[in-house]
Amino acid sequence: MSSGNERFNEDALAWDTQPSVQRATALAHPAYLSRLPPPATLSTYDVLEIGSGTGLLSLRISPSVRSLTAVDAAEGMIAMLTAKLPTHTPPNILPVCALLEDPDDPRIGTDPVTNNFVRNRRFDLVISHLVLHHIPSPPALFSTLYGCLKSGGTVMVTDYEDFGPEARRFHPESRMDGVERHGVRRADVRAWLEGAGFVDVRVETAFEMEKKVETEPGSGVIEHDMVFPFLICWGTKP
Ligand SMILES: C[S@@+](CC[C@H](N)C(=O)[O-])C[C@H]1O[C@@H](n2cnc3c(N)ncnc32)[C@H](O)[C@@H]1O
């Protein structure tokens with residue numbers, strides 16, 4: 001198990017108390033919806049979310065779609081999401097603790113609505129928010145996600161942009177465990193998506209978000225305001 005995974009198990013209990021995490025999800029939600037098909041079509045979609053965490057985005061997206069399979073590698077995060085589900089409607093979310101490497105992984109085969117197992121289940125949409133900067137090999141991940149989609153399906157991801165050396169300040173120096181890169185670069189995401197076989201690839205600024213960062217890197221004093229651009233990147237499986 002990676003050190004990043006241990007970090008997220010430890011972080012899970014207090015994850016939702018972080019204002020910047022809540023704000024990022026609140027801004028990401030409309031960024032997704034405004035680029036996805038209208039409600040009549042979206043409501044038929046089976047969605048796979050990678051790195052759902054405690055389900056902040058999953059719970060917001062679920063009323064707009066048919067089903068949502070929420071995958072996270074950290075048991076602590078999945079436990080927090082599972083605890084929220086009895087009071088959530090509609091009951092169309094299935095939490096799955098997995099580090100997904102195989103599109104045919106049976107752990108994502110159960111339909112959250114019917115509870116029926118479907119072998120080699122495929123999805124209309126894959127989403128992932130604030131996860132790419134933790135992924136050691138994005139080309140391998142995008143290749144898996146490509147395999148998880150139906151033909152004509154969409155992958156749509158959001159993360160903060162690597163706009164230069166200052167992007168490192170997104171995380172305090174003491175919390176770099178599991179951080180593989182300081183945001184994502186436009187050209188890199190495009191290359192990862194196209195390399196996996198996606199077409200009609202788009203990379204746009206989704207929103208900008210204020211976040212308090214360390215006044216001096218390594219000081220532990222988190223009182224300096226910075227603005228971070230977030231990218232939304234998507235493509236279609238032919
Ligand atoms: C920064 S958190 C974001 C969580 C959530 N999307 C949010 O915005 O609150 C990153 C999450 O990705 C998960 N993660 C990292 N790599 C993963 C992988 N390969 N498969 C599934 N989850 C992964 C971590 O366990 C962690 O919960």
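- If you look the protein up in an unreviewed UniProt entry, it shows as S-adenosyl-L-methionine-dependent methyltransferase from Echria macrotheca.

## Considerations on the site of the ligand
Stage number 1. Neighbouring residues of the ligand: 18 residues in total, closest W15, G51, D72, A73 and H129.
Stage number 2. The separation between an oxygen atom of the ligand and a polar side-chain atom of W15 is 2.8 Å.
Stage number 3. Between G51 and the ligand, the recorded distance is 2.8 Å, taken from a backbone N or O atom to a nitrogen atom.
Stage number 4. Calculation on the ligand without its partners gives an accessible area of 600 Å², and the protein chains cover 93% of this total.
Stage number 5. Considered class by class, the residues forming the shell around the ligand number twelve nonpolar, five polar and one charged.

## Side note on the sheet that holds strand β4 (residues 123–129)
Stage number 1. Strands sit in the order β3-β2-β1-β4-β5-β7-β6 across an open sheet of seven strands; the sheet is mixed. The strands lining the two open edges of the sheet, one partner per strand, are β3 (93–97) and β6 (199–214). Neighbour-to-neighbour, the strand axes of this sheet turn through a mean angle of 15°, independent of strand direction.
Stage number 2. By the bridge criterion, five bridges tie strand β2 (residues 67–72) to β3 in an arrangement that is parallel. Residue pairing for β3: T69 is matched across the bridge by L94.
Stage number 3. Contacting β2 and β3, helix α5 (residues 75–84) runs over the sheet at an angle of about 160° to β3.
Stage number 4. Packing against the sheet, helix α6 (residues 138–148) makes contact with β1 (46–50), β4 and β5 (149–160), and its axis sits at approximately 140° to β5.

## Concerning the pattern of salt bridges
Stage number 1. Under the criterion given, the structure shown has 17 salt bridges.
Stage number 2. Residues R66 and D46 are paired through a salt bridge, measuring 2.7 Å at the closest nitrogen-oxygen approach. You can see R66 sitting in the loop between α4 (56–61) and β2 and its partner D46 sitting in strand β1, a full 20 residues away along the chain.
Stage number 3. Note on D46: relative accessible area 11%, which makes it buried.
Stage number 4. As a salt-bridge pair, K212 and D225 come within 2.8 Å of each other at their nearest N and O atoms.

## Here we look at helix α2 (residues 19–33)
Stage number 1. When the terminal C-alpha atoms of α2 are compared, their 22 Å separation across 15 residues agrees well with the 21 Å that a helix rising 1.5 Å per residue should span.
Stage number 2. The inward-facing, buried residues of α2 abut α4, β4, β5, β6 and β7 (222–236).

## A look at the pairing of β4
Stage number 1. Counted residue by residue, β4 has seven buried out of seven residues, so it is predominantly covered.
Stage number 2. Sheet topology note: the β1/β4 ladder contains three bridges and is parallel. Residue pairing for β4: V47 is matched across the bridge by L125.
Stage number 3. As paired elements, β4 and β5 share six bridges and run parallel to each other.

## Description of the nonpolar core
Stage number 1. Judged by nonpolar contacts, the single largest core of 30 residues is most densely connected at Y32 and F230.
Stage number 2. For this core, the elements supplying multiple residues, two or more each, are α2, α4, β2, β4, β5, β6 and β7.
Stage number 3. With 29 residues, the next largest nonpolar core counts V71, I108, F123 and V155 among its residues.

## Structural notes on the state of the cysteines
Stage number 1. All told, the structure shown has zero disulfides when counted by the stated rule.
Stage number 2. C148 forms no disulfide, and the closest cysteine sulfur to it belongs to C97, at a distance of 16 Å.
Stage number 3. Judged by relative accessible area, C148 falls into the buried class, the value being 0%.
Stage number 4. There is no disulfide at C233, and the cysteine sulfur nearest it, in C148, is 18 Å away.
Stage number 5. Classification of C233 as buried rests on a relative accessible area of 2%.

## Observations concerning the environment of V184
Stage number 1. With respect to the helices and strands, the residue V184 is situated in the loop between β5 and α7 (186–196).
Stage number 2. Judged by relative accessible area, V184 falls into the buried class, the value being 1%.
Stage number 3. Separated by 22 residues in the primary sequence, V184 and D162 place their C-alpha atoms 4.8 Å from one another.
Stage number 4. Setting aside residues up to four positions removed in sequence, V184 forms contacts with L132, D159, Y160, E161, D162, V189, W192 and L231.

Reading the values: the criteria
- Residues numbered from 1 in each chain as written.
- Predicted model: local features only at pLDDT ≥ 70, side-chain atom pairs only at ≥ 80, totals over all residues.
- Heavy atoms only, no water.
- Near = heavy atom within 4 Å.
- Polar contact = N/O pair within 3.5 Å; in protein donor to acceptor, adjacent residues only side chain to side chain.
- Areas by Shrake-Rupley, 256 points an atom, 1.4 Å probe, with all protein chains shown as cover.
- Nonpolar A, V, L, I, M, F, W, Y, C, P; charged D, E, K, R; others polar.
- Pairing = 2+ DSSP bridges.
- Helix = DSSP H or I, 4+ residues; strand = E, 2+ residues; numbered from the N terminus.
- Axes fitted to C-alpha atoms, helices over the stretch in contact; angles between N-to-C directions.
- Contact = heavy atoms within 4.5 Å.
- Salt bridge = Lys/Arg side-chain N within 4 Å of Asp/Glu carboxyl O.
- Buried < 20%, exposed > 50% of the residue type's maximum accessible area, 1.4 Å probe, protein only.
- Expected span 1.5 Å × (residues − 1).
- Core = buried A, V, L, I, M, F, W, Y, C linked by side-chain atoms within 4.5 Å.
- Disulfide = S-S within 2.5 Å.

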